[in-house]
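# What the coordinates show
Listed below, chain by chain, are the residues.
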Amino acid sequence: MKLLVTGGAGYVGSVCARVMIDAGHDVTVVDNLTTGNRDAVPEAAAFVEGDVGALAPEILGGGSFDGVLHFAAQSLVGESVEQPEKYWQGNVVESLKLLEAIRTTGTPRLVFSSTAATYGEPDAVPIVESSPTRPTNPYGATKLAIDHAITSYANAHGLAAISLRYFNVAGAHGGAGENRRVETHLIPIVLQAAMGHRESVKIFGTDYHTDDGTAVRDYIHVYDLARAHALALEAAIAGRHAIYNLGSGSGFSVRQVIETCSEVTGLDIPVVYAPRRAGDPAVLIASSDKAIGDLGWEPTNTALPTIVADAWEYTRALGDRAHSAPA
Ligand SMILES: NC(=O)c1ccc[n+]([C@@H]2O[C@H](COP(=O)([O-])OP(=O)(O)OC[C@H]3O[C@@H](n4cnc5c(N)ncnc54)[C@H](O)[C@@H]3O)[C@@H](O)[C@H]2O)c1
Ligand SMILES: O=c1ccn([C@@H]2O[C@H](COP(=O)(O)OP(=O)(O)O[C@H]3O[C@H](CO)[C@@H](O)[C@H](O)[C@H]3O)[C@@H](O)[C@H]2O)c(=O)[nH]1
């Protein structure tokens, strides 16, 4: 297929672009490099620098694309609480422009990066796709708004669409991984502390109603996630918008993640305690049964030590290319 990958200079998009190229697809990346890195774009991909909303009409109009994988977004929970305008403009407005370009050019398929954050604080875990969607932060609200827009476009205009609601993505694949200029995600921060690039890791909140008082997340290996995108492209049906959760199915607390990183690296990781981060739910764990049943997806790298080991190997190999500025 001829594919447009938005946000393909970012973490998940760059891994997925590689996996798509390896599967024989023809990939064009559009990215404004706000959080992504030019050198993360695979060499075999064409690259267009700029905003997806402004550039999509020209790119999609200039060739018969078979589909779009839409990763480009602002995606930080804490930042979205402080700067919601960045999220409504950067996520919703940009995605609506992309949807219009998809409609007017007759591009048949869309796979969208949705998120666990659309559910908010769940009544029960594991979270299924029919669970209530009550986002606890603007980031989740903007992703849910885009999901609703996609449903309307699929119903009215025959778009074949799939939203993949990822839980917490981690790990590395094929020389691509997490290397943001300003890092806020737990596992890369903990590994940067292990490397000595940070003095310590802050644990945001020790008073959650969880076994050890810290927040629990479901970590999914980025390669398992990329394989789900390949399956979603094949499974998308014209006029339908399907939504699938993607996680490993187990929850790990912040303390457990730090302990696992310490075991994998063999290094001490100093911690300091900090208040809860605004907008954070206590526990997010996925049921991926629908994706397993409908898409034939099978997560294969579900063990947290494996996910951390891949991230650690990538972090150590970065050397001078590491962007390790504390958030
Ligand atoms: N990382 C996770 O744990 C996680 C979990 C659930 C969902 N997601 C979703 O997956 C997607 C990718 O996340 P990530 O962790 O790789 O983030 P990232 O910040 O590493 O990548 C996002 C990329 O999009 C680009 N971008 C942002 N706005 C753009 C715009 N308007 N036009 C063009 N390019 C733009 C950035 O420069 C960056 O390269 C996002 O949509 C995010 O919401 C991520
Ligand atoms: O220095 C840190 C960083 C994070 N955390 C905690 O670790 C957990 C995980 O945080 P983080 O890695 O920042 O991920 P989330 O905020 O859970 O969000 C990620 O996972 C969501 C899906 O669950 C995605 O939608 C988001 O895009 C992605 O950033 C949370 O409880 C944080 O409060 C800390 O205690 N200290």
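Computed from a prediction, not measured in an experiment: that's the story for all the values here. (Residues numbered from 1 in each chain as written. Chains lettered and ligands numbered in written order. Predicted model: local features only at pLDDT ≥ 70, side-chain atom pairs only at ≥ 80, totals over all residues. Heavy atoms only, no water.)

This part covers the UniProt feature "domain: NAD-dependent epimerase/dehydratase" (unreviewed entry) in the chain. Mapped onto this structure's residue numbering, the UniProt feature "domain: NAD-dependent epimerase/dehydratase" (unreviewed entry) falls at residues 4-247. A distance of 25 Å separates the end C-alpha atoms of residues 4-247, which is 39% helix and 21% strand. (UniProt positions renumbered as here; feature names shortened; annotations may be inferred. Helix = DSSP H or I, 4+ residues; strand = E, 2+ residues; numbered from the N terminus.)

A word on the site of ligand 1. Ligand 1 sits among 30 residues. The nearest are Asp31, Thr35, Phe71, Tyr139 and Lys143. Interatomic distance of 3.5 Å between a backbone N/O atom of leucine 33 and an oxygen atom of ligand 1. A distance of 3.0 Å separates a nitrogen atom of ligand 1 from a polar backbone atom of valine 52. Burial of ligand 1 by the protein chains amounts to 96% of its free accessible area of 830 Å². Sorting the residues of the shell around ligand 1 by element identifies helix H1 (11-22), strand S5 (109-115), helix H5 (138-157) and strand S7 (168-170) as the ones contributing at least two each. Among the elements that line the shell around ligand 1, the one with the most residues is S5, at three residues. Of the residues contributing to the shell around ligand 1, the split by class is twelve nonpolar, 13 polar and five charged. (Near = heavy atom within 4 Å. Polar contact = N/O pair within 3.5 Å; in protein donor to acceptor, adjacent residues only side chain to side chain. Areas by Shrake-Rupley, 256 points an atom, 1.4 Å probe, with all protein chains shown as cover. Nonpolar A, V, L, I, M, F, W, Y, C, P; charged D, E, K, R; others polar.)

Scanning the entire structure with this criterion turns up nine salt bridges. A salt bridge links arginine 134 to aspartate 123; its shortest N-O distance comes to 2.9 Å. Remark: aspartate 123 occurs in the loop between S5 and H5 and arginine 134 occurs in the loop between S5 and H5; sequence separation between them is eleven residues. With a relative accessible area of 40%, arginine 134 lands in the partly exposed category. Put simply, aspartate 207 and arginine 276 hold a salt bridge, and the shortest N to O gap is 2.9 Å. (Salt bridge = Lys/Arg side-chain N within 4 Å of Asp/Glu carboxyl O. Buried < 20%, exposed > 50% of the residue type's maximum accessible area, 1.4 Å probe, protein only.)

Moving on, we get to the nonpolar core. With 38 residues, the main nonpolar core has Val12, Ile162, Leu164, Tyr166, Val169 and Leu246 as its most contacted residues. Secondary-structure elements contributing two or more residues to this core are strand S1 (2-6), H1, strand S2 (26-31), strand S6 (160-166), helix H7 (222-235), strand S12 (241-246) and helix H9 (289-295). Not counting chain neighbours up to four residues away, the residues in contact with leucine 246 comprise Leu164, Arg165, Tyr166, Phe167, Ile220, Leu225, Ala228, Ala286, Ser288, Ala291 and Trp297. Counting 24 residues, the second largest nonpolar core, distinct from the first, contains Ala215, Ala282, Leu304 and Val308. (Core = buried A, V, L, I, M, F, W, Y, C linked by side-chain atoms within 4.5 Å. Contact = heavy atoms within 4.5 Å.)

For the pair helix H8 (residues 254-265) and helix H10 (residues 304-318), the least separation of the axes is 9 Å and the interaxial angle reads 60°. It follows that H8 is oblique to H10 by the angle criterion. Handedness of the H8/H10 crossing: right-handed. For the pair H8 and H10, contact is made by Val257, Thr260, Cys261, Val264 and Thr265 and by Leu304, Pro305, Val308, Ala309 and Trp312, respectively. Per-class residue counts for the contact of H8 with H10 are eight nonpolar, two polar and no charged. (Axes fitted to C-alpha atoms, helices over the stretch in contact; angles between N-to-C directions. Parallel < 35°, antiparallel > 145°, perpendicular 65-115°, else oblique. Left-handed = near helix turned anticlockwise from the far one by under 90°.)

Moving on, we get to the layout of surface pockets. Of the volumes computed, that of the second largest pocket is approximately 180 Å³. Lining the second largest pocket, in full, are Ala172, His173, Gly174, Gly175, Ala176, His221, Asp310, Glu313, Tyr314, Ala317, Leu318 and Arg321. Grouping the amino acids of the lining of the second largest pocket by side-chain chemistry returns five nonpolar, four polar and three charged. (1 Å grid on protein atoms, 1.4 Å probe; cavity = no way out; pocket = protein on both sides within 12 Å on 5 of 7 lines; lining within 4 Å. Points joined across faces, edges and corners; volume = space filled by probe spheres on them.)

Let us look at the side chain of threonine 265. Note that threonine 265 resides in helix H8. Judged by its relative accessible area of 13%, threonine 265 is buried. A distance of 2.7 Å separates the side chain of threonine 265 from the backbone oxygen of cysteine 261, its partner in a polar contact. Polar side-chain contacts of threonine 265 include one of 3.4 Å to the backbone oxygen of serine 262. Each residue touching threonine 265, except ones within four places of it in the same chain, is listed here: Leu191, Ala194 and Trp312.

Near ligand 2 there are 22 residues, and of these Thr115, Asn168, Lys202, Arg277 and Asp280 occur at the shortest range. At a separation of 3.5 Å, an oxygen atom of ligand 2 approaches a polar backbone atom of threonine 184. Contacts to ligand 2 include arginine 277, whose side-chain N or O atom sits 2.6 Å from an oxygen atom. If you list the elements that add at least two residues to the shell around ligand 2, you get helix H6 (186-195) and strand S9 (201-204). Counting residues per element, the shell around ligand 2 draws most heavily on S9, which supplies three residues. Split into classes, the residues belonging to the shell around ligand 2 amount to 13 nonpolar, five polar and four charged.

For S12, the tally of buried residues reaches six of six residues, placing the bulk of the element in the interior. Residues His241, Ile243 and Asn245 point to one face of S12 and Ala242, Tyr244 and Leu246 to the other, with burial holding for every one of them. Judged from the six bridges that link them, S6 and S12 form a sheet pairing that is parallel. In the sheet register, alanine 161 faces S12, and the bridge partner there is histidine 241. (Pairing = 2+ DSSP bridges.)

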